[in-house]
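Chain by chain, the residues:
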Amino acid sequence: MDKRILYALAVRVLIAVFTQTFFQPDEYFQALEPAHHLVFGYGSLTWEWLNPLPIRSIIYPALNVPIYWVLKVTGLHSIRFWGDWLVIICPRILHGVLAAGTDIWMCKITSKVMGQRYVSTAFFLSLTSFFHALSLSRSLSNSFETTLTTIACSYFPWGACQTRSPQSPFSKSDMRKCLTFAALSCIMRPTSSVIWIFLFANLVWSSRANRGFVMSLLINAVVIGSTALALVIFLDYLYYGQITFAPVNFFIINLSGVSLFYGGNPWHYYLTQALPILCTTSLPLVLYGMWTHVNGVDPAKRMLCRVIIWTIAIYSSMGHKEWRFIHPILPLMHVLGAKVLVDLSDKPQKQKISSLPIRRDYFSMLLVPIPIALYVTLLYCSAPVTVLSYVRSIPSDELNGGSVGFLMPCHSTPGHAYIHRSELASGGMWALGCEPPLNNQDLATYKDQTSVFFSSPYDYLQDRFPPAVDPNFPLSPFPASIPGASAPFSGQDRWTHEWPRHLVFFGDLLEKEGVKNMLLDKEYQEVWHGGRWWEGDGEQRQGGVRVWKWRG
């Protein structure tokens, strides 16, 4: 076995297992929670799954289903501590293995487009990538999309042009492999089609003189694409119990403006924020490579540059933007960066690393992101994850009734897949909701439950909780919005709570006027505290994570 495969597997699995920090809610609520719900019968399903037009396919969460199923039928999941550990760690190992595919097949792209002498450097860039460390080994659909896209790109004929027949570098076997993995990436993330529309449209155009090849390509594309669509429709039919075409629903819902509910960004977001975060110290190398090859004579390098530019341009035209949306083109940027790095090192008077054809000072520069990557995967915002270890430690006799309430911005911690206590499944644990305006409400005036709570926490606690704590801890009658409800809730008059035994919140909440004194008057006391005050995205998520328990 190639040593690079072992290195990639070791690095990605170790990162997956030891990651202790919170990055994106989708890591849990669009992957692990639906699978946990499917196997164990409970889990936090968001509006994307419960909407009359569900926009998520079960195909990506289904990757976790066999793991949970084995743990269930063997009874291993029910062993306290060890069962909890297996429920959390086993899916992490799976996604670490899947992540390693990005590093492995990125080497194949490098060899095909740039040449074998650049492979080791590209591999090093990939392994030391800050953003790969942060995101690639997590259970995010964007991460698996990155792996599938990289595999498909390794079989794509980058050098095809009118004067060079694609039949030589692009065998029928490679064609089918490329189309298969491209189709899989598109059904995992419909927006992956942005990359493949560009690449295959250019391939058809550049090969138009070879009608036989073009016809073969189109026939295979129709057959493989139809098979992929049939697969996703079949799996979603089994899951939803009706014919559902999630990719179409995804576009319909997002075109209605719902995506802007999660934030809009300026057009230059990917240029000024995402690219520096994704590339870090390799950004100058990538930009220089783009400048050098985008109009160069080599068709493979030219196409590589142009698909990167095309993807960034299309995503920049969309209102809602996130770093991870352009993650699939990061391996292509590593290929470009490796080419520049090795070429700049081709000076005999400069001392090089023995195992890599690059200068020592360049090597040192590439190591800079590693301490930062360790910090963001092991320490930064770890409390939203580690607090669930306290929840798991709550004695069984304290899990009955209203046991745990989360007064946090919605989806600030993982869900049932990281707690795994069936006693909390039927209302014993609640969290504030943040349902989007699915009925075309005005974004300027619409407020979800999280917004209402944080606009005046004291008033919310005063008006929607009873005057005293009931020591029997009855279930809250209506603690949160119903995800995916077809009709909006008028005003916010239906949210009513009972005081739970435990309250979980960020420390900043105690700084809000009247909140701390109210909790003390209700005889709550702090029993757990994790994290650092300055951590968190926005004021509402700062102050570390606190757990207060009723001691009356």
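Residues numbered from 1 in each chain as written. Predicted model: local features only at pLDDT ≥ 70, side-chain atom pairs only at ≥ 80, totals over all residues. Heavy atoms only, no water.

Draft legend 1. Seen up close, the overall build of the chain. The number of helices and strands found in the chain is 22 helices and five strands. Here the C-alpha atoms of the chain give a radius of gyration of 25 Å, agreeing with the 24 Å that 2.2 N^0.38 yields for 552 residues. Each principal axis of the C-alpha atoms in the chain carries an extent, and together these give about 80 × 55 × 50 Å. Here the chain, with 552 residues, has 56% of them falling under the buried criterion. (Helix = DSSP H or I, 4+ residues; strand = E, 2+ residues; numbered from the N terminus. Rg over C-alpha atoms; globule rule 2.2 N^0.38 Å. Buried < 20%, exposed > 50% of the residue type's maximum accessible area, 1.4 Å probe, protein only.)

Draft legend 2. Summary view of the state of the cysteines. One pass over the structure, following the stated rule, counts one disulfide. Each sulfur of the disulfide joining Cys410 and Cys434 lies 1.9 Å from the other. Its S-S torsion of approximately 90° makes the covalent link between Cys410 and Cys434 right-handed. With a gap of 24 residues between them, Cys410 in the loop between strand E1 (404-406) and strand E2 (429-431) and Cys434 in the loop between E2 and helix H20 (449-455) connect regions that are remote in the sequence. One exposure class covers both Cys410 and Cys434, and it is buried. With no disulfide of its own, Cys186 lies 11 Å from the sulfur of Cys178, the closest cysteine sulfur. Here Cys279 is not cross-linked by a disulfide; its sulfur's nearest cysteine counterpart is in Cys305, at 13 Å. (Disulfide = S-S within 2.5 Å.)

Draft legend 3. Molecular detail of helix H12 (residues 246-255). Buried within H12 we find Ala246, Pro247, Asn249, Phe250 and Ile253. The arc enclosing the buried residues of H12, seen along the axis, measures out at 160°, which places them on a common side. Where the residues of H12 are buried, they touch helix H3 (47-50) and helix H11 (211-240). (Arc of directions from axis to C-beta. Contact = heavy atoms within 4.5 Å.)

Draft legend 4. A look at a nonpolar patch on the surface. Taken together, Leu14, Phe18, Leu367, Ile370, Leu374, Tyr375, Leu378, Leu379, Trp533 and Trp534 make up a surface patch of nonpolar side chains, about 940 Å² in accessible area. Those elements that provide at least two residues to the nonpolar patch are helix H1 (3-18) and helix H18 (369-378). Tallying contributions element by element places H18 first for the nonpolar patch, with four residues. Structurally, Ile370 can be placed in helix H18. (Patch = residues over 30% accessible without salt bridge, like charges linked within 9 Å, V, L, I, M, F, W, Y side chains within 5 Å. Areas by Shrake-Rupley, 256 points an atom, 1.4 Å probe, with all protein chains shown as cover. Salt bridge = Lys/Arg side-chain N within 4 Å of Asp/Glu carboxyl O.)

Draft legend 5. Up close: the environment of Trp47. On the secondary structure map, Trp47 appears in helix H3. Overall, Trp47 belongs to the buried group, its relative accessible area being 4%. The sequence separation of Trp47 and Ile482 amounts to 435 residues, and the corresponding C-alpha distance is 8.1 Å.

Draft legend 6. Summary view of the environment of Ser355. Structurally, Ser355 is set in the loop between helix H16 (330-344) and helix H17 (360-367). Taking the C-alpha atoms as reference points, Ser355 and Gly264, separated by 91 residues in sequence, lie 45 Å from one another.

Draft legend 7. Spotlight on empty space enclosed by the protein. Applying the stated criterion across every chain yields a total of four cavities of 30 Å³ or more. Its boundaries defined by the atoms lining it, the largest cavity holds a volume of some 220 Å³. Lining the largest cavity are 20 residues, with Arg56, Ser57, Ser141, Met188 and Arg189 sitting closest to its centre. Secondary structure elements with two or more residues in the lining of the largest cavity: helix H2 (26-40), helix H9 (172-188) and H12. Classifying every residue of the lining of the largest cavity by side-chain character gives 12 nonpolar, four polar and four charged. In this structure, the second largest cavity encloses a volume near 130 Å³. In terms of lining, the second largest cavity is formed by 18 residues, of which the most central are Ala16, Glu27, Arg92, Ser137 and Arg138. For the lining of the second largest cavity, the secondary structure elements donating two or more residues are H1, H2, helix H5 (82-113) and helix H7 (130-136). Within the lining of the second largest cavity, the residues separate by chemical class into nine nonpolar, six polar and three charged. (1 Å grid on protein atoms, 1.4 Å probe; cavity = no way out; pocket = protein on both sides within 12 Å on 5 of 7 lines; lining within 4 Å. Points joined across faces, edges and corners; volume = space filled by probe spheres on them. Nonpolar A, V, L, I, M, F, W, Y, C, P; charged D, E, K, R; others polar.)

Draft legend 8. Here's a closer look at the layout of surface pockets. Taken as a whole, the second largest pocket encloses approximately 800 Å³ of empty space. Residue lining of the second largest pocket: 38 residues in total, with Ser44, Met429, Trp430, Ala431 and Ala480 positioned closest to the centre. Among the secondary structure elements, those contributing two or more residues to the lining of the second largest pocket are H3 and E2. Ranked by residue count, the leading element in the lining of the second largest pocket is E2, at three residues. In the lining of the second largest pocket, the residues fall into 24 nonpolar, 13 polar and one charged.

Draft legend 9. Layout of the packing of helix H15 (residues 299-316) against H16. At their nearest, the axes of H15 and H16 sit 10 Å apart, and the two run at 135° to each other. Classified by the angle their axes make, H15 and H16 are oblique. As for how H15 packs across H16, the hand of that crossing is left-handed. Within the contact between the two elements, H15 uses Lys301, Leu304, Cys305, Val307 and Ile308 and H16 uses Leu332, Met333, Val335, Leu336 and Lys339. Across the contact of H15 with H16, the residue classes break down as eight nonpolar, no polar and two charged. (Axes fitted to C-alpha atoms, helices over the stretch in contact; angles between N-to-C directions. Parallel < 35°, antiparallel > 145°, perpendicular 65-115°, else oblique. Left-handed = near helix turned anticlockwise from the far one by under 90°.)

Draft legend 10. How the structure looks around the pattern of salt bridges. Going through the model one piece at a time under the given rule, you end up with 18 salt bridges. Note that Lys301 is salt-bridged to Asp298, the shortest N-O span being 2.9 Å. Relative accessible area serves as the criterion here: at 11%, Lys301 is assigned to the buried category. Asp298 gets classed as partly exposed once you look at its relative accessible area, which sits at 28%. One salt bridge connects Lys339 with Asp343, and the closest N-O pair in it is separated by 3.1 Å. Here the residue Lys339 and the residue Asp343 both occupy positions in helix H16, the gap between them amounting to four residues, near one helical turn. Judged by its relative accessible area of 14%, Lys339 is buried. Through salt bridges with shared partners, a single network forms among Asp26, Glu322 and Arg324.

Draft legend 11. Structural view of the side chain of Arg189. You can see Arg189 is positioned in the loop between H9 and helix H10 (193-206). In this structure Arg189 comes out as buried when scored by relative accessible area, which is 7%. Once residues lying within four places of it in the same chain are set aside, the contact partners of Arg189 are Arg56, Ser141, Asn142, Glu145 and Phe325.

Draft legend 12. Quick look at the packing of H9 against H10. Across the interface, H9 lies against H10 with an axial gap of 9 Å and an inter-helix angle of 150°. One element, H9, and the other, H10, form an angle in the roughly antiparallel class. Here H9 contributes Cys178, Leu179, Ala182, Ser185 and Cys186 to the contact with H10, which in turn contributes Ser193, Trp196 and Phe200.

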